[in-house]
Amino acid sequence: MPFLGQDWRSPGQSWVKTADGWTRFLDEKSGGFVGDISSFCKRDDHNKENLFNSINYDVAAKKRKKDLLNNKAKTQYFHQEKWIYVHKGSTKERHGYCTLGEAFNRLDFSSAILDSRRFNYVVRLLELIAKSQLTSLSGIAQKNYMNILEKVVQKVLEDQQNIRLIRELLQTLYTSLCTLVQRVGKSVLVGNINMWVHRMESILHWQQQLNNIQITRPAFKGTTFTDLPLCLQLNIMQRLSDGRDLVSLGQVAPDLQVLSEDRLLWKKLCQYHFTDRQIRKRLILSDKGQLDWKKMYFKLIRCYPRKEQYGDTLQLCRHCHILSWKGTDHPCTANNPETCSTSLSPQEFINLFRF
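Residues numbered from 1 in each chain as written. Predicted model: local features only at pLDDT ≥ 70, side-chain atom pairs only at ≥ 80, totals over all residues. Heavy atoms only, no water.

For the chain, an unreviewed UniProt entry supplies the name F-box only protein 32 and the organism Rhadina sibilatrix. Per UniProt, the chain carries the Function (unreviewed entry) text "Substrate recognition component of a SCF (SKP1-CUL1-F-box protein) E3 ubiquitin-protein ligase complex which mediates the ubiquitination and subsequent proteasomal degradation of target proteins. Probably recognizes and binds to phosphorylated target proteins during skeletal muscle atrophy. Recognizes TERF1." The chain has a UniProt comment under Pathway (unreviewed entry) that states "Protein modification; protein ubiquitination." (UniProt positions renumbered as here; feature names shortened; annotations may be inferred.)

Engineer: Give me the overall build of the chain: which residues, what numbers.
Structural biologist: For the chain, the count of helices and strands is 15 helices and seven strands. Burial analysis of the chain (355 residues in total) assigns 33% to the buried set. For the chain, the share of sequence-separated contacts (at least 6 apart) that also reach a separation of at least 24 residues comes to 61%. Entry remark: accessible area of the chain is about 23,100 Å², with carbon and sulfur atoms responsible for 52%. (Helix = DSSP H or I, 4+ residues; strand = E, 2+ residues; numbered from the N terminus. Buried < 20%, exposed > 50% of the residue type's maximum accessible area, 1.4 Å probe, protein only. Contact = heavy atoms within 4.5 Å. Areas by Shrake-Rupley, 256 points an atom, 1.4 Å probe, with all protein chains shown as cover.)

Engineer: Account for helix α8 (residues 193–211), naming residues and giving values.
Structural biologist: For α8, which comprises 19 residues, the first-to-last C-alpha distance of 27 Å matches the rise-based estimate of 27 Å (1.5 Å per residue) to within 8%. Residues of α8 that are buried include every one of Met-195, Trp-196, Arg-199, Met-200, Ser-202, Ile-203, Trp-206, Gln-207 and Leu-210, and no others. Buried positions in α8, seen along its axis, are confined to an arc of 155° and lie on one side of it. (Expected span 1.5 Å × (residues − 1). Arc of directions from axis to C-beta.)

Engineer: Could you give an account of unusual backbone geometry, with specific residues and numbers?
Structural biologist: A positive phi is found at Gln-160, a non-glycine position, where the angle reads about 55°. Inspection of the secondary structure puts Gln-160 in the loop between α6 (139–159) and α7 (163–181). Using a relative accessible area of 31% as the deciding quantity, one classes Gln-160 as partly exposed. Even without glycine at this site, Asn-162 takes up a positive phi of about 60°. With respect to the helices and strands, Asn-162 occurs in the loop between α6 and α7. Take Asn-162: its relative accessible area is 34%, and that puts it in the partly exposed class.

Engineer: Break down the packing of aromatic side chains for me, citing the residues and quoting the values.
Structural biologist: Under the counting rule described, the total for this entry stands at seven aromatic pairs. Between Tyr-121 and Trp-325, the ring centres sit 5.6 Å apart and the planes meet at 70°, which makes this aromatic pair edge-to-face. With Tyr-121 in helix α5 (residues 116–133) and Trp-325 in strand β6 (residues 322–325), this residue pair connects regions lying 204 residues apart in the sequence. An identical accessibility class is assigned to Tyr-121 and Trp-325; each is buried. Each residue in the set Phe-109, Tyr-121, Tyr-310 and Trp-325 is aromatic and connected to the rest through ring pairs, giving one cluster. We note Lys-155 situated over the ring of Phe-119; from NZ or CZ to the ring centre the distance is 4.9 Å. The lysine or arginine in question, Arg-199, covers the ring of Trp-196, its NZ or CZ lying 4.5 Å from the ring centre. (Phe/Tyr/Trp six-rings, centres within 6.5 Å; stacked < 30°, edge-to-face > 60°. Lys NZ or Arg CZ within 6 Å of the ring centre and 35° of its normal.)

Engineer: How would you sum up α7? Please name residues and give values.
Structural biologist: With 19 residues, α7 should reach 27 Å at 1.5 Å per residue; the first-to-last C-alpha distance of 27 Å fits that figure. Burial in α7 covers these residues: Ile-163, Ile-166, Leu-169, Leu-170, Thr-172, Leu-173, Ser-176, Leu-177, Leu-180 and Val-181. Tucked inside the fold, the buried residues of α7 contact α5, α6 and α8.

Structure representation (structure tokens):
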């Protein structure tokens, strides 16, 4: 029987042609032939144990790989490096493009959500992906997305903080999935429709858990917020960057209600989030002929995006095109790597992968 191309026999082995065909010849110490698996199993117990250990190891390795790719896997695939090379074109050194899914899998978002400086940044990034980039994620990236989202929900349930932020994220994701699932016949989503229905059920369950949270008052009987001088109360309220937080704070006590209506407070909030040009286009006068900064704020947030500020962000090195978290070491060849890094907002991170 002729064979074309490379010899089919294993390289580096000794083979002998017999009446039954080619048979692999053992090494000199063994002094025999290998026929079928039964002849191999007739060897001593030590070799049998090694064989079974090898088989069990292979089975366990395959099972771990299968669990990783399985939709029910709760672990994220971790890479040794905590950075990723980003380039918008094929080069001789690197072929192809870096995708959003590749970056999402390798930038260690599971650990980032445990850092209070990075939590809001990751949540905002998850929200932007939910709005328009779900179809850009690969299958494993989608699983990692849902696993990280579950960890975020569990953290909020334990800490009872950022509840409204996660409610909005889940609602945005659920709305996007409802739209995409209806178009699943057009191949806009990766994966089986039943898998996505299961994920939507999980989102509804998480929303129900967040709605059932009952925040208990601490037993501490010391100084409260209302016991502070008015100047300190106003100073603290000026640190709030969301007008809804001011409204909620004003509903706690009558005295806080008066402070939350302070015109200067809402004026600073408008000037912080929006430019003078945007403010001039949305002027609203009160009955007394004065600018109603509170109404202007809520009108402005419906028309323009608010200013975003985060304690820690992802950074892109302009010299070597490496994307990483702030403070993460990467093999930069620049003389002064610190001057080459540029902080990216969540939207800039998304735009980085729109080729």
